[in-house]
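Architecture and fold: a report
In case you want the letters, here they are:
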Amino acid sequence: MRLSELQRKDIINVSDGRIVGRIIDAEISETDGSLVNLVIEKSKYMRNFFNTEGDITIKYEQIKKLGSDVILVEL
């Protein structure tokens, strides 16, 4: 699956059912090419390209399910 396909999906927190945001970046391991972290944009309305305070980092282990339109995570 391509990063661009993942970026179209909403991220949902399974513990409370809330939409966390959308993927804006991913961190890939240099050694084996595996996905390490997803960077989630918390608020698209308050986004500043030089300020990443509102961004959330989700570790690969926190991803519970990749669905057709959503990604379920446990925060």
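A brief structural summary. (Residues numbered from 1 in each chain as written. Predicted model: local features only at pLDDT ≥ 70, side-chain atom pairs only at ≥ 80, totals over all residues. Heavy atoms only, no water.)

Quick look at the nonpolar core now. Counting residues in each nonpolar core, the largest one holds 10 residues, listed as Leu-6, Ile-11, Val-20, Ile-23, Leu-38, Ile-40, Ile-58, Ile-63, Ile-71 and Val-73. For this core, the elements supplying multiple residues, two or more each, are strand E2 (19–28), strand E3 (35–41) and strand E6 (70–73). Setting aside anything within four residues of it in sequence, one finds Leu-38 in contact with Ile-23, Asp-25, Ala-26, Ile-56, Thr-57, Ile-58 and Ile-63. (Core = buried A, V, L, I, M, F, W, Y, C linked by side-chain atoms within 4.5 Å. Buried < 20%, exposed > 50% of the residue type's maximum accessible area, 1.4 Å probe, protein only. Helix = DSSP H or I, 4+ residues; strand = E, 2+ residues; numbered from the N terminus. Contact = heavy atoms within 4.5 Å.)

What follows covers the sheet that holds strand E5 (residues 63–66). Read from one edge of the open sheet, 6 strands run E4-E3-E2-E1-E6-E5, paired in mixed fashion. Among the strands making up the open sheet, the edge pair consists of strand E4 (55–59) and E5. Each strand of the sheet is rotated relative to its neighbour by a mean of 35 degrees, with strand direction disregarded. Bridging between strand E1 (residues 10–13) and E6 involves 4 bridges; their strand directions are parallel. Along E6, the bridge assignment pairs Ile-11 with Ile-71. (Pairing = 2+ DSSP bridges. Axes fitted to C-alpha atoms, helices over the stretch in contact; angles between N-to-C directions.)

This next bit is on the environment of Leu-75. The residue Leu-75 is located in the segment after E6 in this model. Classification of Leu-75 by relative accessible area gives partly exposed; the value is 45%. Distance in space between the C-alpha atoms of Leu-75 and Asn-13 is 6.4 Å, their sequence separation being 62 residues. In contact with Leu-75, other than residues within four places in its own chain, are Asn-13, Ser-15, Val-20, Ile-58 and Gln-62.

Here we come to the side chain of Asn-37. As for its placement among the helices and strands, Asn-37 is situated in strand E3. When neighbours within four sequence positions are excluded, Asn-37 is seen to be in contact with Ala-26, Glu-27, Thr-57, Ile-58 and Lys-59.

This brings us to the environment of Ser-4. With respect to the helices and strands, Ser-4 occurs in helix H1 (residues 3–6). With a relative accessible area of 34%, Ser-4 lands in the partly exposed category. Along the primary structure Ser-4 and Ile-23 are separated by 19 residues, whereas in three dimensions their C-alpha atoms are 9.1 Å apart.

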